[in-house]
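# Descriptive analysis of the structure
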Amino acid sequence: MVKHAKPKGFYDQFLRKAPEGGPAAGTTHYCPGCGHGTVHKLIAEAIEDMNIKDRTIFLSPVGCSVFAYYYMDAGNIQCAHGRAPAVGTGASRTREDAIVISYQGDGDLAGIGTAEIIHAANRGENMAVFFVNNAIYGMTGGQLAPTTLLGQTTATTPFGRLEEREGKPIHMAEVVSTLEGPVYVERTTLSDARGVMKTRKAIRKALLNQVEHRGFSFVEILSPCPIGWKMAPVQARSWMKDNLEPVYEVKQFRNIEDKIRKSGRLPEADDAALLDMLVPKMEETALETSILDSEKRIKIAGFGGQGVLSAGTLLANAAIAEGLEATWLPSYGAEMRGGTANASVVLSSLPVGSPVVSSPTALLAMNGPSLDSFESAVVPGGLIVVNSSLVKRKVDRDDVRVIYAPVSAIASEVGFLKGANIVMLALYLFESGAPGIDALKSVLPKLIKKSELVELNLKLIKRAEEFYAAV
Ligand SMILES: Cc1ncc(C[n+]2csc(CCOP(=O)(O)OP(=O)(O)O)c2C)c(N)n1
Ligand code: SF4
């Protein structure tokens, strides 16, 4: 008797479509006749049969299969478009017992993610890549993919793909098998039951390579997308036989069974050593540098040419000189001089989680557009320093501390207008107290090579101090 049941590699209920226990729990979001469901099932069965569920890290792509994490009862990471092989590299190198599955569509792998797949394959990373090639961008409405056939009509090639315009279809299994890194490369098809069984075997083979730690396996699976192709499911399968398979030869390209992949880790970097490196450092830093009560997130914004990026670098370096952790993230406008620019600086006693500053604790606004852009983002109780030489309006908020300082005029008086950024930065340091102004003075000669400029900056700091004393 054949018992049909949902493989244990799947969750009991698929909660994407309905809340737990609801009537529709258990259905998938895929279109009728879509190949993704078939491939998911083959993988889930293999995970169950090979007893690797607790070690499996499934990397979902961007594309129709983005929701694979609703189905696969395993470790799941949803990756940025095309970047699954890079994420998989990190996963497999840090957890060498992991079974890493990179599941990708043709837009994802052969389009936006071409660099990642090529280099991961070339390095022979220990992962299994299942490349679902349906010759179209399914999720976004059926646009041309790199694997679209010549003459095939898509949303972006309504009269068919032309070699002269879009080039020829790319054969990823062939490309990958030109590299020496991969141990196993095969192309299969879902056009009929025999093809599905061969795909089942190929998936298991790739996963076995993972278990045996052999390295990089690549299985390209020709898969129907009836919706994108505008066909009924049965017609889609005949189209595959008549059109897709003659272009994409279904065959095994490589199978090396006697290879064991050497560890990609640094020799000394075992878990214990890594923990030693990280944990005491965090504790010591937290204990020794208690000058910051909490993370400080500073946005320094202005026109390109006002020195906002270099003010950010100086601030981050001053913090580091004082034993703090610091990140600096520049954002340039499309124009250079005269365009907008801002620097995000995060200072903390602990390692910084993210360099992005979306809710600043302090805004140093060098011009009007910067105040307009970031005023509302400052946290309540935060600080805004306004360059009142250029910003003529007042701050609308009454829940933040505001300092109006004519930093451009002060810098001009000293005879160095370009130093308005230093006046602004110094005011921030006097107000916040951490890092201290001495830390800034100590990094100036390291970052500014000309000694006369260092002198000018010290003068600007002095003027800022006098101004601050009078505020
Ligand atoms: C960085 C980025 N660029 C573009 C998109 C839009 N986008 C979403 S899915 C997709 C193509 C997916 O096609 P494919 O990988 O073939 O998967 P399928 O949906 O056919 O399974 C694109 C371009 C995006 N989400 N992110
Ligand atoms: S659009 Fe195509 S690939 Fe996406 S779910 Fe529907 S049939 Fe599958």
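Note that the structure is a prediction, hence the values are computed from the model and not measured.

Criteria and thresholds
- Residues numbered from 1 in each chain as written.
- Chains lettered and ligands numbered in written order.
- Predicted model: local features only at pLDDT ≥ 70, side-chain atom pairs only at ≥ 80, totals over all residues.
- Heavy atoms only, no water.
- Helix = DSSP H or I, 4+ residues; strand = E, 2+ residues; numbered from the N terminus.
- Buried < 20%, exposed > 50% of the residue type's maximum accessible area, 1.4 Å probe, protein only.
- Contact = heavy atoms within 4.5 Å.
- Near = heavy atom within 4 Å.
- Polar contact = N/O pair within 3.5 Å; in protein donor to acceptor, adjacent residues only side chain to side chain.
- Nonpolar A, V, L, I, M, F, W, Y, C, P; charged D, E, K, R; others polar.
- 1 Å grid on protein atoms, 1.4 Å probe; cavity = no way out; pocket = protein on both sides within 12 Å on 5 of 7 lines; lining within 4 Å.
- Points joined across faces, edges and corners; volume = space filled by probe spheres on them.
- Salt bridge = Lys/Arg side-chain N within 4 Å of Asp/Glu carboxyl O.
- Pairing = 2+ DSSP bridges.
- Axes fitted to C-alpha atoms, helices over the stretch in contact; angles between N-to-C directions.
- Expected span 1.5 Å × (residues − 1).
- Core = buried A, V, L, I, M, F, W, Y, C linked by side-chain atoms within 4.5 Å.

## Details of the overall build of the protein chain
- A tally of regular secondary structure across the protein chain gives 16 helices and 13 strands.
- The buried share of the protein chain, reckoned over its 471 residues, is 49%.
- A separation of at least 24 residues holds for 63% of the contacts in the protein chain among residues at least 6 apart in sequence.

## Side note on the site of ligand 1
- The environment of ligand 1 is formed by 16 residues, the closest being H36, C64, G107, D108 and G138.
- Contact distances for ligand 1 include 2.7 Å between an oxygen atom and a side-chain N or O atom of H36.
- Within the contact set of ligand 1, an oxygen atom lies 2.7 Å away from a backbone nitrogen or oxygen of D108.
- Here the shell around ligand 1 takes four residues from helix α3 (residues 106-112), the largest share from any one element.
- For the shell around ligand 1, the class distribution of residues is six nonpolar, eight polar and two charged.

## A closer look at empty space enclosed by the protein
- For the coordinates displayed, the defined rule picks out one cavity of 30 Å³ or more.
- Counted as a void, the largest cavity has a volume near 50 Å³.
- Lining the largest cavity, in full, are S92, R93, E96, E125, N126, H213, R261, K262, S263 and G264.
- Considered class by class, the residues forming the lining of the largest cavity number no nonpolar, five polar and five charged.

## As for the pattern of salt bridges
- In total, this model carries 21 salt bridges according to the counting rule given.
- For E125, the salt bridge identified is with R261, shortest N-O distance 3.5 Å. A residue pair is termed long-range when its members are at least 10 positions apart, and E125 in the loop between α4 (114-123) and β4 (128-133) and R261 in the loop between β7 (252-255) and α10 (271-288) qualify at 136 residues. Here E125 and R261 have matching classes, each one buried.
- In this structure, E466 engages R463 in a salt bridge whose closest nitrogen and oxygen atoms are separated by 3.1 Å. Of this pair, E466 and R463 both sit in helix α16 (residues 451-470), three residues apart, which is roughly one turn of the helix.
- Each of R93, R123, E125 and R261 takes part in one network of salt bridges that share partners.

## Digging into the site of ligand 2
- Ligand 2 sits among Y30, C31, C34, H36, C64, N134, G138, C225 and P226.
- The class makeup of the residues in the shell around ligand 2 is six nonpolar, three polar and no charged.

## Looking at the environment of F430
- Secondary-structure assignment places F430 in helix α14 (residues 420-432).
- Not counting residues up to four positions away in its chain, the partners in contact with F430 are I437, I461, A464, E465 and Y468.

## Digging into the sheet that holds strand β6 (residues 217-222)
- Pairing is mixed across the open sheet formed by seven strands, whose spatial order is β2-β1-β3-β4-β6-β5-β7. The outermost strands of the open sheet, each flanked by one partner alone, are β2 (75-78) and β7. For this sheet, the mean inter-axis angle between neighbouring strands, taken without regard to orientation, is 20°.
- Relative to strand β3 (residues 99-105), strand β1 (residues 56-60) is paired through four bridges, and the arrangement is parallel. Residue T56 lies in a different strand from β3, and its bridge partner there is I99.

## Here's the deal with the pairing of β4
- Of all six residues that make up β4, six are buried, and the element is covered over most of its length.
- Every second residue of β4 is oriented toward a common face, with A128, F130 and V132 on one face and V129, F131 and N133 on the other, all of them buried.
- When β4 meets β6, the two strands line up parallel, connected through six bridges. From the neighbouring strand, V132 faces β6, where its bridge partner is I221.

## Considerations on the side chain of Q306
- For Q306, the position within the fold is in the loop between β8 (296-303) and α11 (308-321).
- Judged by its relative accessible area of 13%, Q306 is buried.
- Only 2.7 Å separates the side chain of Q306 from the backbone nitrogen of F303, close enough to count as a polar contact.
- Those residues in contact with Q306 that sit more than four places away from it in its chain are M366, N367, N387, L390 and N421.

## Section: helix α1 (residues 35-49)
- Helix length check: α1 (15 residues) gives 21 Å between terminal C-alpha atoms against 21 Å at 1.5 Å per residue, within 8%.
- Of all the residues in α1, the buried ones are G35, H36, V39, H40, L42, I43, A44, E45, A46 and I47.
- In this fold, the buried residues of α1 make contact with β1, β3, β4, α7 (193-211) and β6.
- Looking at the residues trailing α1, positive phi occurs at N51, about 55°.

## A closer look at the sheet that holds β8
- Pairing is mixed in the open sheet, where six strands are placed in the order β9-β10-β8-β11-β12-β13. Because the sheet does not close on itself, it has two edges, and the strands there are β9 (325-332) and β13 (401-405). In this sheet, neighbouring strand axes are inclined to one another by 10° on average, regardless of whether the strands run parallel or antiparallel.
- Of the pairings in the sheet, the one linking strand β12 (residues 383-387) to β13 comprises five bridges and is parallel in character.

## Let's talk about the nonpolar core
- Judged by nonpolar contacts, the single largest core of 46 residues is most densely connected at I298, L315, V407, V423, Y428, L440 and I461.
- The element that contributes the greatest number of residues to this core is α14, accounting for 10 residues.
- Among all residues touching L440, those that are not within four sequence positions of it are L314, A318, L425, L429 and I461.
- Core analysis: the second largest hydrophobic core is formed by 31 residues, F10, I43, A46 and Y184 among them.

Limitation: the analysis is restricted to geometry and does not speak to function.
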